[in-house]
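# Notes for the structure review
Residues per chain are reported as follows:
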Amino acid sequence: MEYFNQKWWSLCPGMVGAFGLESVEYLARIRIEQGLKSLSGEQAQTDRLFDRQAWVGLETQYGELRVGRQNTLIFAPLALYQDFTYRSLGSLANSFSFPARLDDDIAYISPRMAGFKVEAHYSFESDDSAPATSGPGVATSDNKDVGVAQLGVDYENGPFRVGLAGLEAGTPKNFVNQREAYFYNAYLNYNYGKGKIYLAHTESNNRAQSGLPAPQAFPLFPLGGQNDVATRNRDYGISTISADYMVTEKLRVGALYSMINDQSGNNDEADGYALGAYWNALRDTTLYLIVAGIDNESSGSYQFDGSAPLRKRFGATDVVGERLTSVNVGFLYRF
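Scoring rules and cut-offs
Residues numbered from 1 in each chain as written. Predicted model: local features only at pLDDT ≥ 70, side-chain atom pairs only at ≥ 80, totals over all residues. Heavy atoms only, no water. Helix = DSSP H or I, 4+ residues; strand = E, 2+ residues; numbered from the N terminus. Buried < 20%, exposed > 50% of the residue type's maximum accessible area, 1.4 Å probe, protein only. Areas by Shrake-Rupley, 256 points an atom, 1.4 Å probe, with all protein chains shown as cover. Phe/Tyr/Trp six-rings, centres within 6.5 Å; stacked < 30°, edge-to-face > 60°. Lys NZ or Arg CZ within 6 Å of the ring centre and 35° of its normal. Contact = heavy atoms within 4.5 Å. Polar contact = N/O pair within 3.5 Å; in protein donor to acceptor, adjacent residues only side chain to side chain. Salt bridge = Lys/Arg side-chain N within 4 Å of Asp/Glu carboxyl O. Pairing = 2+ DSSP bridges. Core = buried A, V, L, I, M, F, W, Y, C linked by side-chain atoms within 4.5 Å. Lys, Arg positive; Asp, Glu negative; His and termini not counted. Patch = residues over 30% accessible without salt bridge, like charges linked within 9 Å, V, L, I, M, F, W, Y side chains within 5 Å. pLDDT = per-residue confidence, 0-100.

## Regarding the overall build of the protein
Counting its regular elements, the protein contains 2 helices and 15 strands. Split into buried and exposed, the 335 residues of the protein put 45% on the buried side. As presented, the protein carries roughly 17,000 Å² of accessible surface, and 60% of it is formed by carbon and sulfur atoms.

## Side note on the packing of aromatic side chains
What the rule picks out here adds up to 7 aromatic pairs. Between the aromatic rings of Tyr182 and Tyr184, the centroid separation amounts to 5.0 Å while the plane-to-plane angle is 20°, which identifies the pairing as stacked. Exposure remark for Tyr182: the relative accessible area of 13% places this residue in the buried category. Through pairs of rings, three or more aromatic residues link up here, namely Phe84, Tyr278 and Tyr288. Its guanidinium or amino end placed over the ring of Tyr86, Arg252 lies 5.2 Å from that ring's centre, counting from NZ or CZ. Lying over the aromatic face of Tyr278, Arg252 brings its terminal NZ or CZ to 4.4 Å of the ring centre.

## Comments concerning the environment of Asp51
By secondary structure assignment, the location of Asp51 is in the loop between strand E2 (25-32) and strand E3 (54-60). By relative accessible area, which is 0% here, Asp51 ends up buried. With 18 residues separating them in the primary sequence, Asp51 and Glu33 have C-alpha atoms 6.8 Å apart. Leaving out residues up to four positions away in the same chain, Asp51 has contacts with Glu33, Gln34, Gly35, Ala44, Gln45, Arg69 and Arg101. A polar atom in the side chain of Asp51 sits 2.4 Å from the side chain of Arg52.

## Looking at the pattern of salt bridges
All told, the structure shown has 15 salt bridges when counted by the stated rule. Linking Arg112 and Asp154 is a salt bridge whose minimum nitrogen-to-oxygen distance equals 3.0 Å. Taken together, the positions of Arg112 in the loop between strand E5 (101-109) and strand E6 (116-123) and Asp154 in strand E7 (residues 148-157) put the pair 42 residues apart, joining distant regions of the chain. Of the residues examined, Arg112 reaches a relative accessible area of 32% and is grouped as partly exposed. The exposure class assigned to Asp154 is buried, which follows from its relative accessible area of 9%. Between Arg161 and Glu156 there is a salt bridge, with its nearest N and O atoms 3.4 Å apart.

## As for the pairing of strand E4 (residues 63-71)
Counting buried positions along E4 gives 7 out of 9 residues, so the element sits mostly inside the fold. Two strands pair when backbone bridges link them, and E3 and E4 are joined in this way by 7 bridges, in the antiparallel orientation. Looking across to E4, one finds that Ala54 is bridged to Arg69. A loop of 2 residues connects E3 with E4, the two strands running antiparallel in sequence. Of the pairings in the sheet, the one linking E4 to E5 comprises 7 bridges and is antiparallel in character.

## Looking at the nonpolar core
Residues Ile74, Phe96, Phe98, Phe183, Ile260, Ile294 and Tyr302 are the most contacted members of the largest nonpolar core, which totals 32 residues. Where this core is concerned, the elements lending two or more residues are helix H2 (92-96), strand E8 (160-169), strand E9 (181-191), strand E10 (196-204), strand E11 (236-246), strand E12 (251-262), strand E13 (270-279) and strand E14 (285-296). Every residue in contact with Ile74, bar those within four places of it in the chain, is listed here: Phe98, Pro99, Gln150, Ala165, Leu167, Phe183 and Asn185.

## A short note on the side chain of Asp105
Relative to the elements of secondary structure, Asp105 occurs in strand E5. Although Asp105 lies buried, it forms no salt bridge, and the closest oppositely charged side chain, Arg66, sits 8.2 Å away as judged by the N-O distance. Here Asp105 is in contact with Arg66, Val67, Gly68, Gln70, His121, Tyr122, Ser123 and Gln150, once residues within four sequence places are set aside.

## Considering unusual backbone geometry
Unusually for a residue other than glycine, Asp104 sits at a positive phi of about 50°. Of note, Ala114 is a non-glycine position whose phi angle comes to about 50°, a positive value. With respect to the helices and strands, the residue Ala114 is situated in the loop between E5 and E6. A relative accessible area of 72% means that Ala114 is categorised as exposed.

## Examining a nonpolar patch on the surface
A cluster of nonpolar side chains, contributed by Phe160, Val162, Leu188, Tyr190, Tyr192, Ile197, Leu199, Ile241, Tyr245, Val247, Tyr257 and Met259, occupies part of the molecular surface with about 980 Å² of accessible area. Examined against the element boundaries, Tyr257 turns out to sit in strand E12. Residue classification places Tyr257 among the partly exposed positions, given a relative accessible area of 38%.

## Focus: the environment of Phe96
Among the secondary structure elements, Phe96 is positioned in helix H2. Owing to a relative accessible area of 0%, Phe96 belongs among the buried residues under this scheme. Spatially, the C-alpha atoms of Phe96 and Asn206 are 9.1 Å apart, while their sequence positions differ by 110 residues.

## A closer look at the confidence of the model for the protein
For the protein, per-residue confidence averages 79 on the pLDDT scale, and 75% of positions sit at 70 or higher. Low pLDDT, under 50, characterises residues 1-16; the stretch is placed with 27 contacts to residues that sit more than four places away or in other chains. Every residue in residues 129-143 scores below 50 in pLDDT, and together they form 44 contacts with partners more than four places removed in sequence or on other chains.

This is how it looks when you write it as structure tokens:
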């Protein structure tokens, strides 16, 4: 939400006149978000308030500076350009589970110039003496004890949108495997009028080796906490092609195919598909239906996931090497 809007020169007119500076229009901003469990109303993470984003920022014609807990470039707004599902349950890329947001994060977002926009983040190392472990609801150590750097470039020209984003995370000093975690993402969108075609590819090594559900081996939170001997030894490529089509002004349909390739040759791979429909039934409410499938290879251990873990997840014996199918029905209400 917008918090304050004023001209900078009104606070220091002497500097503007003395140095011939151009007046700077600025907008002070604050954003706080709280996740709630839909079936119980409980906080999504019980050990913190505003467990999604919580940042303050200052926006000018020269760009925007933000400080606080922020979404990663790999998660948002990049998610809007990954595939037609916007990373809902139908997206196999989401089953790999991208890092969503980081604490102690400072970011600069440039204005768009000649079609280009640049965004850079750095999440500072913070030695809180807490073990770098992960699990459901554990938010206190999301990126503690490691520094995380991000850089993204987005280009828009007519019907085309192209982007590159990278994320690299440091490693706690006491971990045996000192290899840094990384995510590199590229996407290309083409708006053909009645819909879009989406191409996306991600390279990463940040997945727990066992692939078991949380809390046995939750893969990404924190980035540093999964870097012991058994992790970050594999490199993965995640590729997705999808498209959507506006049947009417209120009805959008789409389809996707995606694959996860274990580049280390250990067969921790899967193919996925999704068919979906989104109907803007009311001005503020969208109903959706998605039929999705995941076909795990012999060592593949991927299951359906969303922006947050599912309330009930499959055990390892129901996932590894198995073919999964899901039907997802829901609605989105915009306040």
